[in-house]
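Take a look at the letters that make up each chain.
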Amino acid sequence: NNYHLRRGFKVLSEDFNVIPQALHPLYLNYLQNTVNSVTSAPILATMIVMKRSIPRDLFGYDGITFQWTEGSDQENNNILGWIARDSSKPNRARQDGKECWVIQSTTSFAAK
């Protein structure tokens, strides 16, 4: 896996295998401004370990995302944002036969 240094869609640097220790000061300024402009939203998450896996044909999905209409009572009062079978991700299979699920809240619930 090689890395690309980009500004938007413009590649500023060719592929490299390591992240350089020293970056051009203008890029550092751009990077700092970009990072400072990012806002985050709180969430609550938990992982549940099941003794046995849930058969795929019983549940049918590896994850569910709940879509709520923005500004609606459902969005503001609902707890669940998404649920995912973590064990289905690449290289996450457990040797003990147990299965992991991640449950994440909505941001509105976590902010309360």
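Residues numbered from 1 in each chain as written. Predicted model: local features only at pLDDT ≥ 70, side-chain atom pairs only at ≥ 80, totals over all residues. Heavy atoms only, no water.

### Some words on the pattern of salt bridges
For the structure shown, the criterion picks out two salt bridges. In this structure, D62 and R85 form a salt bridge, with 2.8 Å as the shortest nitrogen-oxygen distance. A residue pair is termed long-range when its members are at least 10 positions apart, and D62 in the loop between α2 (56–59) and β4 (63–65) and R85 in strand β5 (residues 80–85) qualify at 23 residues. Under the relative-accessibility criterion, D62 is labelled partly exposed at 32%. For R85, a relative accessible area of 1% gives the class buried. Linking E99 and R85 is a salt bridge whose minimum nitrogen-to-oxygen distance equals 2.9 Å. Of this pair, E99 sits in strand β6 (residues 99–105) while R85 sits in strand β5; the two residues are 14 residues apart in sequence, bridging distant segments of the chain. Note on accessibility: E99 and R85 belong to one class, buried. When salt bridges with common partners are traced through the structure, they connect D62, R85 and E99 into a single cluster. (Salt bridge = Lys/Arg side-chain N within 4 Å of Asp/Glu carboxyl O. Helix = DSSP H or I, 4+ residues; strand = E, 2+ residues; numbered from the N terminus. Buried < 20%, exposed > 50% of the residue type's maximum accessible area, 1.4 Å probe, protein only.)

### A word on a nonpolar patch on the surface
A cluster of nonpolar residues, L28, Y30, L31 and V35, forms a patch on the protein surface that exposes about 320 Å² of accessible area. Residue placement: V35 occurs in helix α1 (residues 25–36). (Patch = residues over 30% accessible without salt bridge, like charges linked within 9 Å, V, L, I, M, F, W, Y side chains within 5 Å. Areas by Shrake-Rupley, 256 points an atom, 1.4 Å probe, with all protein chains shown as cover.)

### What to know about the pairing of β6
For β6, the tally of buried residues reaches six of seven residues, placing the bulk of the element in the interior. In this sheet, β6 lies alongside strand β3 (residues 45–50) in antiparallel orientation, the contact comprising six bridges. Paired with V49 across the strands is C100, a residue of β6. With five bridges connecting them, β5 and β6 associate as antiparallel partners. Pairing of A84 across the sheet is with V102, part of β6. (Pairing = 2+ DSSP bridges.)

### A closer look at the environment of A41
Note that A41 resides in the loop between α1 and β3. Each C-alpha atom of the pair A41 and T107 lies 6.1 Å from the other, and the pair is 66 residues apart in sequence.

### Some details on the sheet that holds β5
Strand order in the open sheet formed by four strands is β3-β6-β5-β4, and the pairing between neighbours is antiparallel. The open sheet is flanked by β3 and β4, the only strands paired with a single partner. In this sheet, adjacent strand axes meet at a mean angle of 15 degrees when their direction is disregarded. (Axes fitted to C-alpha atoms, helices over the stretch in contact; angles between N-to-C directions.)

### Observations regarding the side chain of S105
Along the chain, S105 falls in strand β6. When near neighbours in sequence (up to four residues on either side) are disregarded, S105 contacts I43, L44, I79, L80, G81 and A110. (Contact = heavy atoms within 4.5 Å.)

### As for the environment of F66
Along the chain, F66 turns up in the loop between β4 and α3 (73–77). Look at F66 and you get partly exposed, because its relative accessible area is 26%. Here the alpha-carbon distance between F66 and I83, two residues 17 residues apart in the chain, equals 8.6 Å. Ignoring sequence-local partners within four residues, the contact set of F66 consists of L80, G81, W82 and I83.

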